[in-house]
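Understanding the architecture of this molecule
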Amino acid sequence: MHSVIAKLRGHAQEGIENTQGEFGRLSSLSPLSVKLDEDPEPLEEDELVKLNPLNWRPEDVGKKVALMRCTNGQYLLLGVVE
């Protein structure tokens, strides 16, 4: 069990190296999807609001969000941009 967890953790860490921040708009809650911006504006430090995925509401669709693009081709949703 511990070796499986260690292997999964290792793969996750590999994907986070050399990441690049991106922005997009939340386009659907089910399934959760984001349309990426082609020309994102720089993000100020105090503009990002931490997300609680358990509290997604229909009103959140259309909000601007910050994402992290990983080298393994996956995205990590970081938060809503105010």
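In the block above lies the structure referred to throughout.
Residues numbered from 1 in each chain as written. Predicted model: local features only at pLDDT ≥ 70, side-chain atom pairs only at ≥ 80, totals over all residues. Heavy atoms only, no water.

Brief notes about the packing of aromatic side chains
Tallied over the full model, the rule gives zero aromatic pairs. Positioned above the aromatic ring of phenylalanine 23 is the side chain of lysine 64, whose terminal nitrogen or guanidinium carbon lies 5.3 Å from the ring centre. (Phe/Tyr/Trp six-rings, centres within 6.5 Å; stacked < 30°, edge-to-face > 60°. Lys NZ or Arg CZ within 6 Å of the ring centre and 35° of its normal.)

Let's talk about the pairing of strand E5 (residues 75-81)
Pairing of strand E3 (residues 48-50) with E5, which is carried by three bridges, proceeds in the antiparallel orientation. The residue bridging lysine 50 from the neighbouring strand is glycine 79, located in E5. One ladder, built from five bridges, connects strand E4 (residues 64-69) with E5; its direction is antiparallel. Directly across from valine 65, in E5, lies its bridge partner valine 80. Between E4 and E5, which pair antiparallel and follow one another directly, the connecting turn spans five residues, one of which, glycine 73, has a positive phi of 85°. (Pairing = 2+ DSSP bridges. Helix = DSSP H or I, 4+ residues; strand = E, 2+ residues; numbered from the N terminus.)

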